[in-house]
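This is what each chain is made of:
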Amino acid sequence: MTPSAPPPSPPLLPPAPSPLRALRLLSYLNAMFPPAVLVPAAIGNFLAVHFALQALAAPAVALTLTWRMALGALSSVLFMLLMRVYDELKDADTDLELARAGDPRYTDRPVVTGKVTLADLRALRWGVTAVLFAANAALAHPVPIAAFAVSFLMTWLSFKWFFCPAISRNLLLAFVTHNPLSIVLGAYVVAVYAADFGAAGLSWEQVALLLVGMWAPVAAWETSRKVRVPEDETVYPTYSKLLGWRVAALVPAGFLILSVATLVPVASAAGLGRGFEAGLAAAAGLGVAACVLFRLAPTRRRANLRPYVELYAVVATVGLAAALAIERGVSLR
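None of these values were measured; they are calculated from a predicted model.

Our focus in this paragraph is the side chain of T317. Topologically, T317 is positioned in helix α15 (residues 306-328). For T317, the residues in contact, after removing those within four places along its chain, are G44, N45, A48 and M214.

Here the focus is helix α4 (residues 92-100). Turn by turn, an α-helix covers 3.6 residues, leaving residues three or four places apart pointing in a common direction. All of the buried residues along α4 are A92, D95, L98 and A99. End-on, the buried residues of α4 take up no more than an arc of 125°, which puts them together on one face. Away from its buried face, by an angle of more than 90 degrees, α4 presents the exposed residues D93 and R100. Tucked into the core, α4 has its buried residues touching α3 (67-90), α5 (110-113) and α6 (118-137). Positive backbone phi, approximately 90°, marks G102, located one or two places after α4.

Two numbers describe how helix α10 (residues 204-224) lies on helix α13 (residues 251-269): the axes approach to 8 Å, and their chain directions differ by 155°. Put simply, α10 runs roughly antiparallel to α13. You can see that α10 and α13 cross each other, and the crossing is left-handed. Each residue belonging to the contact of α10 with α13 can be placed in one class, and the counts come to 18 nonpolar, 6 polar and no charged.

All right, on to the packing of α6 against helix α7 (residues 142-159) then. Where α6 contacts α7, the two axes come as close as 10 Å, and the packing angle between them is 160°. Judged by the inter-axis angle, α6 sits roughly antiparallel to α7. Considering only the axes of α6 and α7, their crossing is left-handed. Between α6 and α7, the residues in contact are R125, T129, L132, F133, N136 and A137 and I145, F148, F152, W156 and F159, respectively. Broken down by class, the residue content of the contact of α6 with α7 amounts to 8 nonpolar, 2 polar and 1 charged.

About the criteria used
- Residues numbered from 1 in each chain as written.
- Predicted model: local features only at pLDDT ≥ 70, side-chain atom pairs only at ≥ 80, totals over all residues.
- Heavy atoms only, no water.
- Helix = DSSP H or I, 4+ residues; strand = E, 2+ residues; numbered from the N terminus.
- Contact = heavy atoms within 4.5 Å.
- Buried < 20%, exposed > 50% of the residue type's maximum accessible area, 1.4 Å probe, protein only.
- Arc of directions from axis to C-beta.
- Axes fitted to C-alpha atoms, helices over the stretch in contact; angles between N-to-C directions.
- Parallel < 35°, antiparallel > 145°, perpendicular 65-115°, else oblique.
- Left-handed = near helix turned anticlockwise from the far one by under 90°.
- Nonpolar A, V, L, I, M, F, W, Y, C, P; charged D, E, K, R; others polar.

Here it is in structure tokens:
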């Protein structure tokens, strides 16, 4: 008598979410806003802009850390987190639809799996908002407080799709209205700088180049993560679906080139040597090469342009801050 086959094993169920909101939010942060990566990135971006402004305004003078800079850096982290939570809340229904459609980038998201609830995210939103307002009230200076008010208003309007539902259905409209928020937050850093050091010695042309140079990697990252080969396209809106993969592949490359073109003259004026400029150009060149390679010979693996863009972003932000600190030295005030 042939033995019967064993019954099939039951499907593995995902672990139940924690009954504690704090642990659910911690799980969410680890998945969608990993602190070990994004907190240093936000602080590095803040310091890159602030240190560059100090170096441009006062050549051959040591850089200074102030208590307002600490509050501004904290605000930069919290703004980044708040925008992540805003996106989670406003895109919740869309994310669930994409997960049901089988898009692998959405099936494991914490909101989709139930590891975190929308009520948890609303609580996180209000907690972050309260700390942001407290930190910026403590700046005790009208210029950064006004810049904070504008920055918060703009991010809040983006949460509401600027009260224009058509934006949510158009990838290019969403990019044009939401991506420049990084320039607004860069202007907030300029305002924090002005509260401590004033505007004397600054060239506003150089300030504009600096802000554009810091924004362009954000634009490169946003466009690079929405490029796919045709067989991987789903209902998820991508630039490769909208523009065609041949054009979409080159869009991040254009933003990388723009960033180098604007940051190199800033770095030179700030007193950095050819070494940093060469490193910046090399990091951008690697990203541009990855985009061109995908354009010439598209594969699923080559469609993953994000790591190359993220490498450039680290060099342009953390690298710039570190290079200026090493070149000038840093003191506390």
